[in-house]
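What the coordinates show
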Amino acid sequence: MPFSHLLLALAIVAVWGTNFVVIRWGLDGLPPFLFATLRFAFSALPWLLFVPRPKVGWRPMAAFGVLLGVGQFGLLFLAMRGSISPGMASLVVQMQVFFTIGLALMLMKEKVRPYQLVGLVLAVGGLALIGSHLDATITALGVALVLGAGFCWACANLVIKQIGQVNMLHFMVWSSVFAVPPLLALSLLLEGPGAIGQALAGAGPLIWASVLWQAIGNTLFGYGAWNWLLARHPAASVAPTALLVPVFGMGASALVLGEAMPSWKLQAGALVLTGLAVIIFWPRLRKSV
């Protein structure tokens, strides 16, 4: 990639990684399902009025919107409300890569490769290390919720895989519409109208900035620019930069929020990232030999 395009890729993963700190700020003033509702509402409006509908059926758009909205971000926000630290959430959610591979093996009859098993073993080792250090900042419930978010993300990936080439920015805008009704229903049911009204009335500039950053920075810029790069370069040149998402996530959480980074967290991160690296780089290394 040209250097300018590499800088753009780094900017995207920096946005995606540091976004976990922004989520933490938003959750300081908004209940998780209300926060997710606002995030997807602003991802759809007013952009829906200016962006043409992608050439995709309603069913896959609805499936993607619900999986991403309720499944991935609903569970992620719920976990980060007090059950897992932002840095660890940015790492654990990357298990979606292995969920995606596993689902593809089961549903699309793809063959498992030895290097994929090696990568999975390394990542599970990192996850086990996290599980052996559960405390008030990293609970079993938090890890389980983030793993559930990663699984829903993997299911959403399969929807994208089935629809093929599509303008991702347009797809994100239109699919976001389908995330809003179920998220709003969950917010009304579990958080209540009183808590919703109180949170909206007390939301300050930082809270609303967090909501807008979720919608515009993380979703529209992140996914739109990522798709722009994928349209111009081989996926093998772009995808490896995503390995830096947990690096930015853990680093930003430590610098901005003061999250402790003992050696076991760094070891767990190294195991998970090494597993991901094996999955991404091994096919390229074999071709170059």
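Residues numbered from 1 in each chain as written. Predicted model: local features only at pLDDT ≥ 70, side-chain atom pairs only at ≥ 80, totals over all residues. Heavy atoms only, no water.

1. Digging into the side chain of Glu259
Here is the rule we go by: Numbering of helices and strands runs from the N terminus, with a helix taken as a DSSP run of H or I at least four residues long and a strand as a DSSP run of E at least two residues long. The classification of residues rests on relative accessible area computed with a 1.4 Å probe and restricted to protein chains. Under 20% of the type maximum is buried, over 50% is exposed, and intermediate values are partly exposed. In protein, a polar contact requires one atom able to donate a hydrogen and another able to accept it; more generally it is a pair of N or O atoms within 3.5 Å, and residues adjacent in sequence count only if both atoms are side-chain atoms.
Take Glu259: it is sitting in the loop between helix 11 (245-257) and helix 12 (263-288). Its relative accessible area of 11% is what places Glu259 among the buried residues. Here the side chain of Glu259 touches Gly87 through a polar contact of 2.9 Å, landing on its backbone nitrogen. In terms of polar contacts, Glu259 uses its side chain to reach the side chain of Ser253, at 2.3 Å.

2. Here's the deal with the nonpolar core
Filter applied, for reference: What makes a nonpolar core is a set of buried Ala, Val, Leu, Ile, Met, Phe, Trp, Tyr and Cys residues whose side-chain atoms join them at distances within 4.5 Å. The contact criterion used is simple: two residues touch if any of their non-hydrogen atoms lie within 4.5 Å.
Counting 75 residues, the largest nonpolar core has Leu30, Leu76, Met80, Ile84, Met88, Ile130 and Val146 as the members making the most contacts within it. Residue contributions to this core peak at 10 residues, all from helix 8 (residues 168-202). Those residues in contact with Ile130 that sit more than four places away from it in its chain are Met88, Leu91, Val92, Ile138, Val143, Trp264 and Ala268. With five residues, the next largest nonpolar core counts Leu103, Ala104, Cys155 and Leu158 among its residues.

3. Re the environment of Val70
Locating Val70 in the fold gives a position in helix 3 (residues 58-80). As for Val70 and Pro181, which are separated by 111 residues in sequence, their C-alpha atoms are 9.8 Å apart. Contacts of Val70, omitting those with residues within four sequence positions, involve Gly65, Leu75, Ala179, Pro182, Leu183 and Leu186.

4. Things to note about the packing of helix 1 (residues 3-27) against helix 11
Packed helix pairs are characterised by how far apart their axes lie and by the angle those axes make with each other. Here is the rule: To obtain an axis, a line is fitted to C-alpha atoms, over the contacting stretch when the element is a helix, and the angle between two such axes runs from 0 to 180 degrees between their N-to-C directions. Orientation categories follow fixed angle ranges, with anything under 35 degrees roughly parallel, anything over 145 roughly antiparallel, 65 to 115 roughly perpendicular, and all other angles oblique. Two helices crossing with the near one rotated counterclockwise from the far one by less than a right angle form a left-handed crossing, whereas a clockwise rotation gives a right-handed crossing. Any residue outside Ala, Val, Leu, Ile, Met, Phe, Trp, Tyr, Cys, Pro, Asp, Glu, Lys and Arg is labelled polar, Gly included; the first ten of those are nonpolar and the last four are charged.
Direction vectors running N to C along helix 1 and helix 11 enclose 45°, while the axes themselves pass 8 Å from each other. If you check the angle between helix 1 and helix 11, you find them oblique. Like other packed secondary-structure pairs, helix 1 and helix 11 cross with a definite hand, here right-handed. Contacts between helix 1 and helix 11 involve Leu10, Val13, Ala14, Trp16, Gly17, Thr18, Val21, Arg24 and Trp25 on the former and, on the latter, Val245, Phe248, Gly249, Ala252, Ser253, Val256 and Leu257. Here the residues of the contact of helix 1 with helix 11 are counted per class, giving 11 nonpolar, four polar and one charged.

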